[in-house]
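Listed here are the chains, written in short residue letters.
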Amino acid sequence: MDELIMVKINGMDVHFPKGKTILEVCKDAGIYIPTLCYDERLKPHGGCRLCLVEIKGKPVPLTSCTTPGEAGMEISTESPKLTRLRKTILELLLSNHPNDCMVCEASGDCSLREMAYLYGASLDRFQGEKWNLPIREDNPFITFEPNKCIACGRCTRICNEVVMAGTIDLVNRGFNAIPETAFAKPRSLKNCEFCGQCVSTCPTGALTDKKGRGKGRAGDIKKVKTTCTYCGTGCNFFLNVRNDRVVRVTSDFEAPVNKGNLCIKGRYGYDFIHSDERIKTPLIREGEGFREASWDEALSLVAGRFNAIIKEHGPDKVGGFSSSRCSNEENYLLAKWVRCAVGSNNVDNCARVCHAPTVAGLAQSFGAGAATNSLEQMSDIDTIFIIGSNTTEAHPIVSLYLKKAISKGAKVVVADPRKIWLAQRADVWLNMKPGSNIALINGIIHVILKNGWESKEFIKTRTEGFAELKAKVEEYDLDRVEKLTGVSRDKIIEAARLYSQAEKSMIVYGLGITEHLTGTENSMATANLALVCGQVGRPSTGIMALRGQNNVQGASDLGPLPATLPGYQSVTDPKCREKFGKAWGVTIKDKPGLKSVEMLDECAKGNFKALYILGEDPAHTDPDLHHIRKALDKIDFLVVQDIFPTETTKYAHVILPGASFAEKDGTFTNGERRVQRIRKAVGPVAGLADWEVLCKVSTLMGYPMPYTHPSQIMDEIATLVPAYGGISYKRIEKKGIQWPCPTKDHPGTTTLYTETFARPSGLALFMVLDHVGSGEVPDETYPLVLITGRVREHYNNGSQTRHAVGIIDLVPEELVEISPEDAQSLGIKNLDWVKVLSRRGEIKVRAKVTKRSQTGNVFMSFHHQSTLTNVLTSGHRCRISGTPEYKSCAVRIEQLSQE
Amino acid sequence: MSDRSKLIVTGKPFRFDQERDAEFERLVKRYPTRESMILPALWLTQEQEGWISAEAIAYIADRIGTFASQVFECATFYTMYNLHPMGRNHICICRTLSCWLRGKQEIVDYLKNELGLKPGEIGADGKFSLEEVECLGHCGTAPVVQVNGEFHESMDVDKLKSLLATLK
Ligand code: SF4
Ligand code: SF4
Ligand code: SF4
Ligand code: FES
Ligand code: FES
């Protein structure tokens, strides 16, 4: 514990740890000091001079935001002199300000107005030149009223210090100084990320959210705190609601993960909630089309058909897919429904197609399949090892922590086939071939052991199986590794040195690790590396597997999995079966059910009869789409619950409307195991939330689920899942808790494995792994490797972001990224139409020629319904967990004649 | 000082000539970070072309590996950087506090009349250009006039007349 020092503030004794500024000390102590240029997210600036305080013995007042508190100081935060000074500063600002609060968008949420009121500033004490500049609305999201700008520099500083986007800077000087983009061009994706951090920090009405203008100001709206529905970072924000509509999203500066920062999707991706295209009533198939139906009719049909099919074919021909898009409570209910109302173990969730290898792999190495540390610790890393994660695009807010670490001097190693943003700034970019993760990591461990850079103490006391690992990596000398990975040896050696020799190194990985034939083994390889160097079990070390979807962690935790009950409690373990059987009043089958991909295989063969798909779109997002479609076509009874019509709903017999995250209460568990609330801000479009629908279906089928609020479901979870034992809605009301949280007084766990690992022996296990490569490698007919992934602006099948005003205009279509060399040899120019062909299908798309792609690799996302990238991807799957190999398949590109 | 954010686009690519190229590479070694080269690179450009175009700013940002917005910021902040072609004699008058109090307006008015130019303008014959700038750091000898980078202190109209006479 740091030593406390004491100061006197306004005659009161205040104690605090050394290193804080006077402003921070006052804030902590609840003493108000006016500020205009200060934002907790930024370095102190000392520009606006409003935060002046008097300190006994100092000749002039000092800015509290830049002055460190020192022992014995006697500080006054209010005095007649300070009031006079502050009032004058405000009056100078108001002398060149429109003062049109009556019609200003920021009215009610403007620091300048608040302080002018507080200090009784006069509007016309100083007469002088006034700006008369036009309002700028030349982009989809941000309105800039330059006349309201007080040149505090918060927007430009947040854009450069925090986002590192370099979009805006203060141009000109003195009276004319103003935030502006380079060359005064309109903001576009070429120069701006549209994260809106600048808007969130602006203390006046100069920067406002364009989409929400005129739709209700601070005083007219209800603010509902919730958790983002997009990626697994778990950002919190406020939905601003007026007349049962979400009109805007605003920052929650107290949010534990994002501190008020958001990305384009979180801040501007909300329009889908009120989209006209939402599914608004249950729909029942009739001939080729669908007809609208009442809930009563649809639900009795669903319950009746399920019961009939179970009776005829047995429960093992029936199953359900759950979704990481849905809440913990809903995932738990679906897991329970399949086990109780259906009576099988055929339940899975969409983590199968992304992070199942993490769950399986890290569980074998460490004992639990989850990220080991918390996101906040990232800013203190010494060496960051990023592998298979395009963090700045896929997890923009996580990347802010990495950027902070970089600006504090952290070394950066990036292993990625693409020259992504982080690779451009890396100390070492390991430009590996797709599918060579294991070879690369074995090579790095080889170098570490050769040089004696390993942590002998850690290996001895905390691990087992080292001898076997050592023997295996012995085989991976650099001659061989260079050949397998395409990375030159000096880079591998430097990466090994940077990772092993730093005090605190962290591995950050994404789907580039998991979506491979060897996905599970890849994740184990990262664990091997961390263990060899003892880089786990301490803050700012460990392995952070970045979760793609808002609730991948929770969906896995809460049991929609064929082999485990909620809390990873195995169906093959009689004790677990007994515990759940007793609680649920049924007998749990002792044989694991089918994985989602296996259920679909069985469907295709005509062996599987009925399926309930909750919030998933396999007919768009699963690989090898032709196969999937055949499977869905064959099934006797398919129920799909979703918020939008998707490729999959086309195959349904009954479509049930889903409720978006804004329409229900519940919890999501983010990628760092933090259980956080979502809250109902507006009513469900179709009247019922997904959890209510599940309860009704189950009850109609004869297994009653009488819950009246999701909090009751969480209370039940707490009694059955030890890691969630201490979680309740009451406890996470203000701030989410990171599991394991076994008891009601446990604070939650930020760093896993500080003392022991979660395996029975308490030791971590080295896994012996060999290079296998991708399931499909390029050849003469299909000479290029197709890598799939995300772009920042869109999300997964795009059904939400494509309905967001602005986003779809910015990124209206899919593009295939191709290197200048490949483009040249194929005669392709930027934005030419091309055909991409694989063994499974072909699609038409435009090309983007970019150095981001290395020769031999091309890249596409699968966000667009108009370009179904997954027609191309292969049917290869992770050999252990069945996750498809999205990250690599062989394709050919042909130029299409100019149209 | 006028709004300097409207740069001139020449439509022609810019790059350093051989001599400036070599100088850039020599200077870049002096600093811990490449960003430190923004100001020297702007000087080199001005030395080469006499003024700084939009293309030159984009080139410098690229060459250094930094954001164009940062080069733009510096170029628009310092009035010593010329963002359009200048007269053969470029006259700057300080308009900040000390110079203001010590009569800069008389000087500006005189020059306006004499040369037929408003601050920010360049004469048709290219002989003179005029600019009002912020504090030049010679407040002790205000008012201050700067001609082609050279300081002339404690100015008044008489001194100005003789100064103008020496300019070609
Ligand atoms: S939206 Fe984000 S990237 Fe764009 S100017 Fe604002 S802070 Fe910078
Ligand atoms: S736009 Fe807002 S944040 Fe940016 S400088 Fe002006 S007042 Fe400050
Ligand atoms: S980073 Fe992820 S959680 Fe945060 S706002 Fe963006 S999509 Fe939402
Ligand atoms: S808040 Fe301290 S100077 Fe602006
Ligand atoms: S005020 Fe003119 S030089 Fe400083």
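For clarity, every value in this text was computed on a predicted model and none was experimentally measured.

Undergrad: Quick rundown of the overall build of chain B? Include the residues and the values.
TA: Scanning chain B for helices and strands turns up 7 helices and 4 strands. Put simply, chain B runs from its N terminus to its C terminus through helices and strands in the order α-α-α-α-β-α-α-β-β-β-α. For 168 residues, the compact-globule estimate of 2.2 N^0.38 gives 15 Å, and chain B sits close to it at 17 Å. Projected onto the principal axes, the alpha-carbon positions of chain B cover approximately 50 × 35 × 25 Å. Within chain B, the fraction of its 168 residues that count as buried is 30%. The long-range share in chain B, meaning contacts at least 24 apart out of those at least 6 apart in sequence, stands at 64%.

Undergrad: Tell me what's going on with the overall build of chain A, and back it up with residues and numbers.
TA: Along its length, chain A carries 28 helices and 37 strands. For chain A, the spread of C-alpha atoms along the principal axes amounts to about 85 × 70 × 65 Å. Evaluated residue by residue, chain A yields a buried proportion of 58% over its 899 residues.

Undergrad: Explain the site of ligand 1 residue by residue, including any values.
TA: Residues and elements named next belong to chain A. Around ligand 1, the structure places 13 residues, and the nearest of them are Cys159, Ala165, Thr167, Cys192 and Cys198. Taken together, the elements giving at least two residues each to the shell around ligand 1 come down to helix 4 (154–162) and helix 5 (197–201). For the shell around ligand 1, the residue count by class is 9 nonpolar, 3 polar and 1 charged.

Undergrad: Tell me about the sheet that holds strand 11 (residues 236–242) of chain A, residues and numbers included.
TA: Residue and element names in this part refer to chain A. On the basis of which strands lie adjacent, the open sheet formed by 3 strands has the order 10-11-12 and antiparallel pairing. At either end of the open sheet lies a strand with only one pairing partner, and these are strand 10 (222–227) and strand 12 (245–251). For this sheet the average axis-to-axis angle between neighbouring strands, irrespective of direction, equals 35°. Relative to strand 11, strand 10 runs antiparallel, the two being bridged by 6 bridges. In the sheet register, threonine 226 faces strand 11, and the bridge partner there is phenylalanine 237.

Undergrad: Mind laying out the domain arrangement of chain B, listing which residues take part and the relevant values?
TA: Under the domain assignment used here, chain B contains domain 1 (18–77) and domain 2 (89–166). Measuring from the centre of the C-alpha atoms in domain 1 of chain B to the corresponding centre in domain 2 of chain B gives 28 Å.

Undergrad: Could you give me a rundown of the site of ligand 2, with the residues and numbers involved?
TA: As a structural note, the neighbourhood of ligand 2 is formed by 14 residues, with Cys149, Cys152, Cys155, Cys202 and Ala206 of chain A the closest of them. When grouped by side-chain class, the residues that make up the shell around ligand 2 number 10 nonpolar, 3 polar and 1 charged.

Undergrad: Run through the pairing of strand 37 (residues 889–895) of chain A, naming residues and quoting values.
TA: Residues and elements named next belong to chain A. Strand direction decides the pairing type here: strand 32 (residues 784–788) and strand 37, joined by 3 bridges, are antiparallel. Bridging from a neighbouring strand, leucine 786 pairs with cysteine 889 of strand 37. As judged from the 4 bridges shared by strand 34 (residues 833–838) and strand 37, these two strands associate in the antiparallel manner. The partner of lysine 835 across the bridge, within strand 37, is glutamate 894.

Undergrad: So, the packing of helix 22 (residues 596–604) of chain A against helix 24 (residues 625–634) of chain A: which residues are in play, and what are the values?
TA: Residues and elements named next belong to chain A. Relative orientation of the contacting elements helix 22 and helix 24 amounts to 65°, with a least axis distance of 7 Å. By the angle between their axes, helix 22 is roughly perpendicular relative to helix 24. The two elements helix 22 and helix 24 meet at a crossing, and its hand is left-handed. Residue-level contacts link Leu600, Cys603 and Ala604 of helix 22 to His627, Ile628, Lys630, Ala631, Leu632 and Lys634 of helix 24. Tallied by class, the residues present in the contact of helix 22 with helix 24 amount to 6 nonpolar, 1 polar and 2 charged.

Undergrad: Give me the domain arrangement of chain A: which residues, what numbers.
TA: How big an interface is tends to be stated in terms of the accessible area lost upon association of its parts. All names here are of chain A. With domains assigned, chain A is organised as domain 1 (4–78), domain 2 (106–114 + 122–274), domain 3 (283–354 + 551–738), domain 4 (356–545) and domain 5 (784–895). For domain 2 and domain 4, the distance between their C-alpha centres works out to 37 Å. Listed per partner, the contact involves 11 residues of domain 2 and 8 residues of domain 4. A class-by-class count of the residues in the side of domain 2 that touches domain 4 yields 8 nonpolar, 3 polar and no charged.

Cut-off values and rules
Residues numbered from 1 in each chain as written. Chains lettered and ligands numbered in written order. Predicted model: local features only at pLDDT ≥ 70, side-chain atom pairs only at ≥ 80, totals over all residues. Helix = DSSP H or I, 4+ residues; strand = E, 2+ residues; numbered from the N terminus. Rg over C-alpha atoms; globule rule 2.2 N^0.38 Å. Buried ≥ 20, exposed ≤ 12 C-beta atoms within 10 Å, placed from the backbone. Contact = placed C-beta atoms within 7 Å. Near = placed C-beta within 6 Å. Nonpolar A, V, L, I, M, F, W, Y, C, P; charged D, E, K, R; others polar. Pairing = 2+ DSSP bridges. Axes fitted to C-alpha atoms, helices over the stretch in contact; angles between N-to-C directions. Domains from an automatic or database assignment. Parallel < 35°, antiparallel > 145°, perpendicular 65-115°, else oblique. Left-handed = near helix turned anticlockwise from the far one by under 90°.

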